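Breakdown of the fold
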Amino acid sequence: MITFAIICLWEETNMKLNKIITRGAFAIAAASTLAVMPVTAQAKDWRGWNIHVEDYPVSHGMEAFMEEVTEKTGGEIKGKVFHAGVLGSQPDAIEQLRLGIMDFGVFSLGPMGQAVPATNVVSLPFVFKSVPQMYELMDGEPGAALGEALEEKGIVPLGYYDAGARSFYNSVKPINTPEDVQGMKVRVMNNDLFVGMIESMGGNATPMAFAEVYQSIKTGVVDGAENNPPSYESTSHFEVAKYYSLTQHLIIPECLCMSKKTFDGLTPEQQEIVKTAGKNSTDLQRKLWGEREAASMKIIMDGGVEVNEIADKSAFQEAMVPVYEKYLAANPEMTDLVNLFRNAD
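This is a predicted model, so every value here is computed, not measured.

Another aspect to go through is the pattern of salt bridges. Throughout the structure, instances matching the rule amount to nine salt bridges. Its salt-bridge partner being Asp 264, residue Lys 260 comes within 2.8 Å of it at the nearest N-O pair. In this pair, Lys 260 and Asp 264 are both assigned in helix α10 (residues 260-264), four residues apart and thus about one turn of the helix distant. A salt bridge links Lys 275 to Glu 272; the shortest N-O distance between them is 3.0 Å.

Structure follows, in structure tokens:
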């Protein structure tokens, strides 16, 4: 526009008629260009939603993502990550993401099922055989299939973070087989899939608020619960539940996601920068999570907890057949996607 003004001033002293014509031509050209150009995120700073506290693997991954995008775009795209859920609940944030009000965020694929039903598949017990297999599948064809379902709902996945593997802990005995769960009172999240998981092994599922678990185990209201090592350790549940059995029955990743409206408004070059930053962020977060998990396991074991690994989970997987049958009976359209995960090596 500055160049255009200089040209117009120069022409004004020579050919007023040409100035008028030229100005009109430039205005038309500028309007046409603006009409076809993508509306990039340069017009505003991005906002990123995060439920976790600032000093957490997910949070560090998100900050690294935003820093790389800002650096690689030469400052054309800037933004801020809002930690600890200060921008609202996950369901609200997901809806804002879909509308383009929120630009990016990290969301658990568990609750994501309300907006994108296909993501419920990764909440099925033992759908992943291990954390390394989860990485492989989420970075491969099954993850791409979920990505298509997310994009149909206005969400672009940039990477799948590690949120750990949930395993059983209790105050009674080690769990080595499904039969060991029989008769146990186990706290679970308030979800029919997780209630069915415990009941399929003969246990008594007890949904309750997470904040009540410590006292409930201590007083015998429940025998145990299930969670990943950092949660088991940081809440001090290991003080009252001295048996930790690494069933890894639920491995639910978190998604570094972006609003499709924001993403579609970027230039092709900016989109590539964003995708690369998403991959790098995912690699960093997974590394940091592994370090955090190892530190928690050391604290747990130093605290006198009896930890047992379960090399062969086939008996547990067989016990889940009724859970899968019930899910697929209610959601037959998910059969192919479920099989894509379950049949993977």
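Across the sheet, five strands lie side by side as β2-β1-β3-β10-β4; this open sheet has mixed pairing. Edge positions in the sheet fall to β2 (79-82) and β4 (155-161), since each has one partner strand and no second. Within this sheet the neighbouring strands show an average axis-to-axis angle of 25°, counted without direction. For strand β1 (residues 46-49) and strand β3 (residues 104-108), the ladder comprises two bridges, and the chain directions are parallel. Its bridge partner lying in β3, Trp 49 is registered against Gly 105. Where helix α6 (residues 141-152) meets the sheet, its contacts fall on β4 and β10 (254-259), and the angle it forms with β4 comes to roughly 145°. Set on the sheet, helix α11 (residues 268-302) makes contact with β1, β4 and β10; between it and β4 the angle comes to about 30°.

Our next topic: the state of the cysteines. In total, this model carries one disulfide according to the counting rule given. Shown here is the disulfide that connects Cys 255 with Cys 257, its sulfur atoms set 2.2 Å apart. Taking the torsion about the sulfur-sulfur bond, which here is approximately 115°, the covalent link between Cys 255 and Cys 257 counts as right-handed. Each of the two residues, Cys 255 as well as Cys 257, counts as buried.

This part takes up the packing of aromatic side chains. With the rule as written, the count across this model stands at 10 aromatic pairs. Ring centres 5.0 Å apart and planes at 5° place the aromatic pair Trp 49 and Phe 107 in the stacked group. Of this pair, Trp 49 sits in strand β1 while Phe 107 is found in strand β3, placing the two residues 58 residues apart along the sequence. Accessibility classification places Trp 49 together with Phe 107 in one group, the buried group. Consider the rings of Tyr 169 and Tyr 232, whose centres lie 4.3 Å apart with planes at 25°: the pair is stacked. Note that Tyr 169 is positioned in strand β5 (residues 166-170) and Tyr 232 in helix α9 (residues 229-234), a separation of 63 residues in sequence. This pair shows no difference in class: Tyr 169 is buried, exactly as Tyr 232 is. Counting every residue linked through ring pairs, the aromatic cluster contains Tyr 169, Tyr 232, Phe 238 and Tyr 244. Residue placement shows Arg 342 over the ring face of Tyr 324; its charged tip is 3.7 Å from the ring centre.

Our focus in this paragraph is the layout of surface pockets. Its boundaries defined by the atoms lining it, the largest pocket holds a volume of some 950 Å³. Looking at the largest pocket, it is lined by 41 residues, and the ones nearest its centre are Ser 108, Pro 111, Arg 166, Met 189 and Glu 254. Elements with a contribution of two residues or more to the lining of the largest pocket: α4 (90-99), β3, α7 (192-199), α9 and α11. When grouped by side-chain class, the residues that make up the lining of the largest pocket number 20 nonpolar, 16 polar and five charged. Of the voids in this model, the second largest pocket is the one considered here, and its volume is about 420 Å³. Every residue lining the second largest pocket is counted, 19 residues in all, and those nearest its centre are Met 138, Pro 157, Leu 158, Gly 159 and Tyr 160. Breaking the lining of the second largest pocket down by element, the ones donating at least two residues are α6, β4 and α11.

The next subject is unusual backbone geometry. Positive phi values are uncommon outside glycine, yet Ser 236 reaches one of about 65°. Summarising the element assignment, Ser 236 is placed in the loop between α9 and β9 (243-250). Non-glycine residue Gln 248 carries a positive phi angle of around 50°.

About the thresholds
- Residues numbered from 1 in each chain as written.
- Predicted model: local features only at pLDDT ≥ 70, side-chain atom pairs only at ≥ 80, totals over all residues.
- Heavy atoms only, no water.
- Salt bridge = Lys/Arg side-chain N within 4 Å of Asp/Glu carboxyl O.
- Helix = DSSP H or I, 4+ residues; strand = E, 2+ residues; numbered from the N terminus.
- Pairing = 2+ DSSP bridges.
- Axes fitted to C-alpha atoms, helices over the stretch in contact; angles between N-to-C directions.
- Contact = heavy atoms within 4.5 Å.
- Disulfide = S-S within 2.5 Å.
- Buried < 20%, exposed > 50% of the residue type's maximum accessible area, 1.4 Å probe, protein only.
- Phe/Tyr/Trp six-rings, centres within 6.5 Å; stacked < 30°, edge-to-face > 60°.
- Lys NZ or Arg CZ within 6 Å of the ring centre and 35° of its normal.
- 1 Å grid on protein atoms, 1.4 Å probe; cavity = no way out; pocket = protein on both sides within 12 Å on 5 of 7 lines; lining within 4 Å.
- Points joined across faces, edges and corners; volume = space filled by probe spheres on them.
- Nonpolar A, V, L, I, M, F, W, Y, C, P; charged D, E, K, R; others polar.

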